[in-house]
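Now for the letters of each chain:
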Amino acid sequence: MILMSLLKPEPITITHVENLGDFKLKMLVYGNPGVGKTYLSCTMPKPLIVLTEGDVSKPTILAVQKKLKIKLDIVEISKTTELEDVFSYLKAFPTKWDSVVLDSLSDINRMKMGEVLSNSIAARATHEPDILEIDDWNRLDAWSRRMIRDFRDLPMNVLMTARTLNAARMTASKRSAVGAPKRKAFCPNSTPQDSVRE
């Protein structure tokens, strides 16, 4: 009897949200390739879709447009300076779209990683050609934090995608992004075994 009275839940108060006002969604959709991140992104309200892999994503976008009978605005980027230009435009004209989609943070990170490594090698010839040093990581981290926060703070819905990769595939994709020789290099989210050079 005493035990049952101890397990008796306290009464709860239920409320309802009647009006969200200017509330905007800020989301990260994280998953394996092919699970539907881009498809979901296309269903955001009146989105501007910023693509890093247009060749991969365009069939999905075409399917969504056909199924939902809509036209989606798309910007393809291949450099991080183009992403910064998109941000500047959205900051200047925040009401043109209701949402912005960054598809994907994984590719944006890879782009910036390649740019940081290239700049470091150009500045110092003795820099390892395929391994980021601590200063490189710090530059990558600072830029990524600023960029993500800048987009997050826009007065619109923001959806960013990122994909999961096993460590071996991630190592290979990072290596190919910077044109490095085929050997294992330390990369983000790798396991200790992946960071051992062969």
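Since the structure is predicted, the reported quantities are computational estimates derived from the model, not experimental observations.

*Asks:* Any chance you could break down the packing of aromatic side chains for me, citing the residues and the numbers?
*Replies:* For the structure on display, the rule yields three aromatic pairs. An aromatic cluster is present here, built from Tyr89, Phe93 and Trp97 joined pairwise through their rings.

*Asks:* So, the packing of helix H5 (residues 105-123) against helix H6 (residues 134-152): which residues are in play, and what are the values?
*Replies:* One can describe the packing of H5 onto H6 by two numbers: an axis separation of 10 Å at closest approach and a directional angle of 140°. Overall, the two elements H5 and H6 adopt an arrangement that is oblique. For the pair H5 and H6, the crossing hand works out as right-handed. Residues Leu105, Ile108, Asn109, Lys112, Met113, Val116 and Ser120 of H5 pack against Asp136, Trp137, Arg139, Leu140, Trp143, Ser144, Met147 and Ile148 of H6.

*Asks:* Could you give me a rundown of the environment of Met147, with the residues and numbers involved?
*Replies:* Considering the arrangement of structural elements, one finds Met147 in helix H6. Judged by relative accessible area, Met147 falls into the buried class, the value being 5%. Through-space distance from the C-alpha of Met147 to that of Thr80 is 9.7 Å; in sequence the pair is 67 residues apart. When neighbours within four sequence positions are excluded, Met147 is seen to be in contact with Leu83, Leu102, Leu105 and Ile108.

*Asks:* Please give an account of the pattern of salt bridges that cites residues and values.
*Replies:* Scanning all chains against the criterion turns up 11 salt bridges. Residues Glu53 and Arg163 are paired through a salt bridge, measuring 3.8 Å at the closest nitrogen-oxygen approach. With Glu53 in the loop between strand S2 (47-51) and helix H3 (54-68) and Arg163 in strand S5 (residues 157-163), this pair connects stretches of sequence that are 110 residues apart. Looking at Arg163, the relative accessible area reads 16%, which means it is buried. Here Arg146 makes a salt bridge to Glu84, at a shortest N to O gap of 3.4 Å.

*Asks:* I'd love a proper account of the packing of helix H4 (residues 80-92) against H6, names of residues and values included.
*Replies:* With their axes 11 Å apart at the nearest point, H4 and H6 run at an angle of 30° to one another. With respect to each other, H4 and H6 are oriented roughly parallel. In this structure, H4 crosses over H6, and the sense of that crossing is left-handed. Each of Thr80, Leu83, Glu84, Val86, Phe87 and Leu90 in H4 lies in contact with H6, whose residues at this interface are Trp143, Arg146, Met147, Asp150 and Phe151. When grouped by side-chain class, the residues that make up the contact of H4 with H6 number seven nonpolar, one polar and three charged.

Conventions and cut-offs
Residues numbered from 1 in each chain as written. Predicted model: local features only at pLDDT ≥ 70, side-chain atom pairs only at ≥ 80, totals over all residues. Heavy atoms only, no water. Phe/Tyr/Trp six-rings, centres within 6.5 Å; stacked < 30°, edge-to-face > 60°. Axes fitted to C-alpha atoms, helices over the stretch in contact; angles between N-to-C directions. Helix = DSSP H or I, 4+ residues; strand = E, 2+ residues; numbered from the N terminus. Parallel < 35°, antiparallel > 145°, perpendicular 65-115°, else oblique. Left-handed = near helix turned anticlockwise from the far one by under 90°. Contact = heavy atoms within 4.5 Å. Buried < 20%, exposed > 50% of the residue type's maximum accessible area, 1.4 Å probe, protein only. Salt bridge = Lys/Arg side-chain N within 4 Å of Asp/Glu carboxyl O. Nonpolar A, V, L, I, M, F, W, Y, C, P; charged D, E, K, R; others polar.

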